[in-house]
Amino acid sequence: MESTAFFEKKISLTPNEFNKVKNSSIEALLEEKAKELVENKCSENGFVVPGTVKLLSRSMGYFEAARFTGDAVYYVKLECKIIYPADGITVTGEVIRKNKMGLYVDYRKAIRIQIPRDLHLGSEEFDLVEIGDQVEVTLKRSKFQISDPYILASGVFIRNKSEQANTPRNTPSEQLERVTEEEQEGESEEEQEEALEGEESSPEDEEEQEEASDEEQEEEEEEEE
């Protein structure tokens, strides 16, 4: 999907930029200007990978007639790395957004992949994907225009490649069972506490029992007399 591309560009240098020739060459100025124009955005050949543009050759500079701007115009030949998605290719990207419509995956900040939820109904692995996970996706359709900041594509979810995907996660049914078990444990603990409270006698109850036993002893002594 990543390949080398060659293309020509028309670049103009202003009089202010020509002042930098004291410390640099015209080739360096043209290459710097070319990087600003084409890198990290879409060209007619695809997305230009940042840091890969090289100046191969240039024409003689000339001043356009009847423009009176003082800009010198050059035609340059450039070499760079581009990313152009093909139908059916599989890539690994990071999930940057998740909503009820599906997933939004970023691949090297060059391709934004939309993964519809409707294509993965009933897939538990798809539902468990979280933002930040690394997922494997098969690309389908893609589109872009010149100077777009990224290529927009649609794809199909294959699998989750993140480490946390290998750790067990509670499904909604498991979470419901866990909550039910905790509630039952809480109810049983409350019943035990109530039973213990019923067994324990308060100081007032003990005094009443002592008074009752004293009265019984007095009655017995009176009957003996």
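Values in this document were obtained by computation on a predicted structure and should not be read as measured data.

Trainee: Can you lay out the sheet that holds strand β9 (residues 111–116) for me, pointing to particular residues and giving the numbers?
Mentor: One closed barrel holds the five strands; their spatial order is β7-β8-β9-β11-β10, and the pairing between them is mixed. Taking each pair of neighbouring strands and ignoring which way they run, the sheet shows an average axis angle of 50°. Sheet topology note: the β9/strand β11 (residues 151–160) ladder contains four bridges and is parallel. Among the inter-strand pairings, I111 is bridged to a residue of β11, identified as I151.

Trainee: Account for the pairing of strand β10 (residues 134–143), naming residues and giving values.
Mentor: Relative to β10, strand β7 (residues 90–99) runs antiparallel, the two being bridged by five bridges. Each residue of the ladder has a partner; that of T92, found in β10, is E136. Alignment of β10 against β11, held across seven bridges, turns out to be antiparallel. Each bridged residue has a counterpart across the sheet, and for E136 the counterpart in β11 is R159.

Trainee: How would you summarise the environment of K140 if you had to cite specific residues and measurements?
Mentor: By the secondary structure assignment, K140 is in strand β10. Along the backbone, K140 and A153 are 13 residues apart, and their C-alpha atoms lie at a distance of 6.9 Å. Look past the residues within four positions of K140 in its chain and what remains in contact with it is D87, S154, G155 and V156.

Trainee: Let's hear about the nonpolar core: which residues, and what values?
Mentor: If you look at the biggest cluster of nonpolar residues, it comprises 21 residues, and the most contacted ones within it are I83, L103, V105, I111, I113, I115 and V135. Only β7, β8 (102–107), β9, β10 and β11 provide two or more residues apiece to this core. Sequence-distant contacts of I113, that is, excluding residues within four places in its chain, are made with V91, L103, Y104, V105, Y107, V137, L139, A153, S154 and G155.

Trainee: If you had to explain the packing of aromatic side chains to someone new, which residues and values would you point to?
Mentor: What the rule picks out here adds up to two aromatic pairs. Centre to centre, the rings of Y84 and F144 are 5.9 Å apart; their planes meet at 85°, and the pair counts as edge-to-face. Taken as a pair, Y84 in the loop between β6 (72–83) and β7 and F144 in the loop between β10 and β11 lie far apart in primary sequence, 60 residues in all. Positioned over the ring face of Y150 is R112, at 4.7 Å from the centre of the ring.

What counts and what doesn't
Residues numbered from 1 in each chain as written. Predicted model: local features only at pLDDT ≥ 70, side-chain atom pairs only at ≥ 80, totals over all residues. Heavy atoms only, no water. Pairing = 2+ DSSP bridges. Helix = DSSP H or I, 4+ residues; strand = E, 2+ residues; numbered from the N terminus. Axes fitted to C-alpha atoms, helices over the stretch in contact; angles between N-to-C directions. Contact = heavy atoms within 4.5 Å. Core = buried A, V, L, I, M, F, W, Y, C linked by side-chain atoms within 4.5 Å. Buried < 20%, exposed > 50% of the residue type's maximum accessible area, 1.4 Å probe, protein only. Phe/Tyr/Trp six-rings, centres within 6.5 Å; stacked < 30°, edge-to-face > 60°. Lys NZ or Arg CZ within 6 Å of the ring centre and 35° of its normal.

Read these as geometric descriptors, not functional statements.
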